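Reading the structure
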Amino acid sequence: MRPIRPTGLSGCRRSAGASDSISTHSARHRRGFSTYAEKRVVAWGAPWGLAVIDTLRLTAEEAAGLLERNEVSGEELTQAYLDAIDERDAELHAYLHVVGEKGKGVPLAHKDLITTKGIPTTAGSKILEGYVPVFDSTVAAHCKEAGLPILGKTNMDEFAMGSSTENSAYGPSHNPWDPTRVPGGSSGGSAAAVAGGLAPWALGSDTGGSIKQPAALCGLVGLRPTYGTVSRYGIVAFASSLDQVGPITKTVRDNARLYEIIAGRDPCDSTTVDLPAPVEIPSAEDLKGIRVGVPRELNEAEGIERGVAEQVQKAIALAEQLGAEVGETTLPRSVDFGLACYYLVAPAEASSNLARYDGVRYGYRTPNNGDLTALYERTRWEGFGAEPKRRILIGTYALSAGYFEAYYGQAQKVRTVIAQEHAAAFESFDLLISPTSPTVAFKLGEKAENPLAMYLSDLLTIPSNMAGLPGLSIPCGLSEGLPVGLQLIGPEFSENLLFRAGHALERAIGFDPVPERLRG
Amino acid sequence: MAELEPVIGLEIHVQLKTRTKMFCRCENIWGDDGNTRTCPICLAHPGTLPVPNKKAIEWTVKLGVALGCEIAPRALFHRKHYWYPDLPKGYQISQYDVPLCSAGRFVLPTEEGDRAIGIVRAHLEEDAAKTVHVGGVGGRIAGAEHSLVDFNRGGTPLVEIVTEPDVRSPEEARRFLQLLRQTVVELGISDAEMEKGSLRCDANVSLREPGAEFRTKTELKNMNSFKFVADGIAAELARQRAVYESGGEITQDTLHYDPATGRVAPLRSKEYADDYRYFPEPDLVPVEPPQEMIEAARRELGELPGARIRLLEAEIGFELASGLVTSGRDDLYARVPGDRRVVANVLMNQFAASGVDPANVNAEELGKLIEAREAIPRAAFADALAASGNGEFSADRYLAEAAISDASELDPVIERVLEANEAQVASFKAGKEGVLGYLVGQVMRETGGKANPKVVNERLREKLRA
């Protein structure tokens, strides 16, 4: 009998119909980005005449412009990021694997749960140490087809369970604004890489807030797309009904560009749908006619830092100046029950999704495997960190016979209520607005020993996630010298509106995404 | 105490012979070298997702219609969790509270009239991989040195059919299963071969006083022939009877029937945990079989085997009718001319033994052969039947070629036999004509069964009278 390796390497193949839509997709990208050069991002080193690329400041759009005008080659561009990685990643630990593929497009970093063919994919876990996938996730394939070379795979909380990257089996990442602080999580490595100039843009994934919160804590733009718009095929699963991949970028326009590359129905993921409208790259600078709701519970929740609230208040005032109709609204049960509901649904699904890590076919296998039970128990005991173990325990309990209705079943009903509450709010408003995270970046170790305090980091991002809604976090100022994130929530498939509003606010706020301590 | 009545429910698994597996694009063929039909999906690599096989859904609907089931407008897949190396995801994608097919009724004709066996449900799931235990006894895990897993089978579409506890005897269970198998085969959705595992049967068995409450049942697992299903259930019923007679109680166990010893024994309980932690599969959307699919299944449904048994019964009796239909030979029976009972008997006995595919047979020629069967030796008849599936088979030519009718070839043999059996020759001459049969038999044996018995008979008489 042969060893247990896949003999059909592709797994799922996107059908002819789908590849058609993919080629249209790439064709759009080959037309190139429109560029604008407001800031000086390239200096000419006088003695050698070589471009010195300021990776801290360069946006992906600007990078695309440099490539299009042949001011730098793809190789030089990638090299600039590899140099920055050499210089700063020892401090930031944004990457788990640096790949440095050479290519013609703007390079990007993938969160290490995005399956990449031939490149290690560990999901931040020891149990996947040494696992090298034989196939590409759909999003990785889309990026490849769009010509974006891979810089590397970024650090994350193990299996995306956490809000600080401190749950990574490979050590935490550090916030480029203050390396004694966390970059947020679970996509903290992707956020640290972009904020630290180690990647022009990156992909993360968001289950309870894992894109929006690190984007907020690192002064970046993060989109959690509508559930079902981005394929999960090849995304190491945490909680299947919530997981969604999205971009972390310096600007809203970059974000829309990357979203355009990854979004769309995928025959390999039955839960995806066609986008109702093509992605629009935003250019409007006002909010005229947009009704913005301020949900009381999301803005007045206990634990929101005063500095965070102040910056968000300013942004709301600014929105009004830009022409938005701002009004108060309410999501009474969503915030009260959202977190509790999430911590039943997500662990329940995780306990199931993580059952496949048994040491039989790939990944870590205990050396102490006496018999089958020992193989399972010890592999999993030694391979999983504390947080996955905690969630597997909670989730297994919640799904057990006799408890299912009381826990998972009930949580799903509450989820419907949360979705209905949001839908009701969207009858009067086009968008909802709130802080993304109740706090700015906290100190490494500050919450590591207190899982409940850590869970509260996602208090404000979880409710709309439970409803499957898209959310965009943009930076709206500093508190105590650290970035504050503003969360915009829209109805299903309202990404274009989120980009439009996010872009207008971004222009008006004028936030400088380069960490103060790194500004030249 | 009143005579206890058997209460039997069956759980039948049917592997669908779709081109590809249930949730991936791997070819659905096994028996090849192990682990050659695998991909990241059926090996449960991280991040992979299932995509349901449309054909498998269509075929399950087809089967559901044949079983008189209601087809769910919006069926759900669930995850069923247990730990075993044959289950790479740690869960099987199956169906739970909203199966594709439910509330059916399958009519089993018997000599005493129709028996309606209720169908609780028929649902679609993926098969587990195959574990091979090396070094133990009889391929079982107990005592094995090591185990291998072949994932070629993993992910094969599998339909599970669950009956109401309506079956009342081991024999009825066997008949039900045979009729169900024939139905599945005729739908063209499975080979349904028990010895290959593409049809598998478990039975829930209990006893009760007629009409009284059900008592504790036991589950008999994986009996891999029709005979073992009947024998296994009979053995378990006997065991339960003995337990009750000695004043004991039955405990809810999972048992294995060992045909070698004729006994049932408990399976290692760890292999079958009871808490499967079912929850709706979040990677799949609900299955909504289109109305056209259901209507097409109804439209294309031919006359079911049960009904055909009833039609043939008047002509040849229940047993032969049932045998012909459940063996798929009733179509040939209808085409072969000749005495109805004779044709039916030959088809059920000698023809069945020949292993010839009825579809390949020229019915006219087969009719001629059956007509002439008494004129030819048993072995030659068997040979002729075995050849009846060849395209250019001709009964006349075969009869002419197959049997030794040539006196010059037979005479020396006949002489030898007469010399060697003086006593019998003497008693024939003394008027005991019955010995002739013995002498014919001896000649047939000498010629390896190839002699034409009619000619031998004639020659023997001639010589004995000489």
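Residues numbered from 1 in each chain as written. Chains lettered and ligands numbered in written order. Predicted model: local features only at pLDDT ≥ 70, side-chain atom pairs only at ≥ 80, totals over all residues.

1. Some remarks on the overall build of chain B
Within chain B, the regular secondary structure consists of 16 helices and 14 strands. The C-alpha extent of chain B, read off along each of the three principal axes, is 90 × 55 × 50 Å. By the burial criterion, 43% of the 466 residues in chain B qualify as buried. In chain B, the share of contacts with a sequence separation of at least 24, taken over all contacts with a separation of at least 6, comes to 69%. (Helix = DSSP H or I, 4+ residues; strand = E, 2+ residues; numbered from the N terminus. Buried ≥ 20, exposed ≤ 12 C-beta atoms within 10 Å, placed from the backbone. Contact = placed C-beta atoms within 7 Å.)

2. Remarks on the overall build of chain A
Scanning chain A for helices and strands turns up 16 helices and 13 strands. For chain A, the C-alpha radius of gyration of 22 Å lies close to 24 Å, the compact-globule estimate for 520 residues. Summarising its shape, the C-alpha atoms of chain A cover approximately 65 × 55 × 50 Å along the three principal directions. In chain A, which comprises 520 residues, the share counted as buried stands at 59%. By sequence separation, contacts in chain A at least 24 residues apart represent 76% of the contacts at least 6 residues apart. (Rg over C-alpha atoms; globule rule 2.2 N^0.38 Å.)

3. Overview of the nonpolar core
Membership of the largest hydrophobic core comes to 222 residues, with the highest contact counts inside it found for L108 and A199 of chain A together with A173 of chain B. Tallying contributions element by element places helix α10 (residues 332-353) of chain A first for this core, with nine residues. In contact with A173 of chain B, other than residues within four places in its own chain, are I8, L10, V167, A203, V229, A230 and I233 of chain B. Within the second largest apolar cluster, 28 residues are counted, among which are V336, V346, I376 and L399 of chain B. (Core = buried A, V, L, I, M, F, W, Y, C linked by C-beta atoms within 7 Å.)

4. Re the interface of chain B and chain A
Think of interface size as the accessible area that goes away when the parts come together; that is how it is often given. Contacts between the two partners involve 39 residues from chain B, matched on the other side by 48 residues from chain A. The set of elements that each furnish at least two residues to the side of chain B that touches chain A consists of β3 (78-81) and β8 (146-150) of chain B. With three residues, β8 of chain B is the single largest residue contributor to the side of chain B that touches chain A. For the side of chain B that touches chain A, the per-class residue count stands at 21 nonpolar, nine polar and nine charged. (Nonpolar A, V, L, I, M, F, W, Y, C, P; charged D, E, K, R; others polar.)

5. Details of the environment of C218 of chain A
Residue and element names in this part refer to chain A. Within the secondary structure, C218 is located in the loop between α6 (212-217) and β7 (221-224). Overall, the presence of 33 C-beta atoms within 10 Å leaves C218 in the buried class. The sequence separation of C218 and T251 amounts to 33 residues, and the corresponding C-alpha distance is 13 Å. C218 has contacts with N175, P176, W177, P183, G184, A191, A192, A195 and P483, leaving out every residue within four places of it along the chain.

6. Some points on the packing of helix α13 (residues 407-420) of chain B against helix α15 (residues 435-446) of chain B
Packed helix pairs are specified by the crossing angle of their axes together with the interaxial distance, meaning the distance between the axes. Residues and elements named next belong to chain B. Remark: α13 packs on α15, axes separated minimally by 10 Å, with the N-to-C direction vectors making an angle of 125 degrees. In terms of axis orientation, α13 runs oblique to α15. Crossing of α13 against α15: the hand is right-handed. Each of V413, I414, R416 and V417 in α13 lies in contact with α15, whose residues at this interface are L439, Q442, V443 and E446. Along the lines of polarity and charge, the residues of the contact of α13 with α15 split into five nonpolar, one polar and two charged. (Axes fitted to C-alpha atoms, helices over the stretch in contact; angles between N-to-C directions. Parallel < 35°, antiparallel > 145°, perpendicular 65-115°, else oblique. Left-handed = near helix turned anticlockwise from the far one by under 90°.)

7. A look at the domain arrangement of chain B
As far as domains go, chain B holds domain 1 (5-298), domain 2 (331-402) and domain 3 (407-465). Here domain 1 of chain B and domain 2 of chain B have C-alpha centroids that lie 38 Å from each other. (Domains from an automatic or database assignment.)

8. With respect to the sheet that holds strand β11 (residues 218-223) of chain B
Here nine strands make up an open sheet; going across it, the order is β2-β5-β6-β9-β1-β10-β11-β12-β13 (chain B) and the pairing mixed. Edge positions in the sheet fall to β2 (70-71) and β13 (263-266) of chain B, since each has one partner strand and no second. (Pairing = 2+ DSSP bridges.)

9. Observations regarding the sheet that holds strand β12 (residues 471-479) of chain A
Residue and element names in this part refer to chain A. With respect to topology, 11 strands assemble into an open sheet ordered β3-β5-β4-β6-β8-β7-β12-β13-β11-β9-β10, the strand pairing being mixed. Here the strands that pair on one side only, and so sit at the sheet edges, are β3 (95-98) and β10 (325-329). Pairwise comparison of adjacent strand axes, ignoring direction, gives a mean angle of 30 degrees for this sheet. In this structure, strand β6 (residues 201-206) lies alongside strand β8 (residues 244-249), joined through six bridges in antiparallel fashion. If you follow G204 over to β8, its bridge partner there is G246.

10. Thoughts on the confidence of the model for chain B
Averaged over chain B, the pLDDT score is 91; the fraction of residues at 70 or greater is 95%. Here the predicted complex scores 0.89 on pTM and 0.92 on ipTM. (pLDDT = per-residue confidence, 0-100.)

11. What about unusual backbone geometry?
Between G185 of chain A and S186 of chain A the backbone carries a cis peptide bond, its omega angle lying at 10 degrees. Within the element layout of this structure, S186 of chain A appears in the loop between β5 (150-154) and α5 (188-195). The phi angle at A44 of chain B is positive, at roughly 60 degrees, despite the residue not being glycine. Relative to the elements of secondary structure, A44 of chain B occurs in the loop between β1 (5-15) and α1 (54-66). Taking the C-beta count within 10 Å as the criterion, A44 of chain B has 23 such neighbours and is therefore assigned buried. We note that A103 of chain B has phi near 55 degrees; this positive angle belongs to a residue other than glycine. For A103 of chain B, the position within the fold is in strand β5 (residues 101-110).

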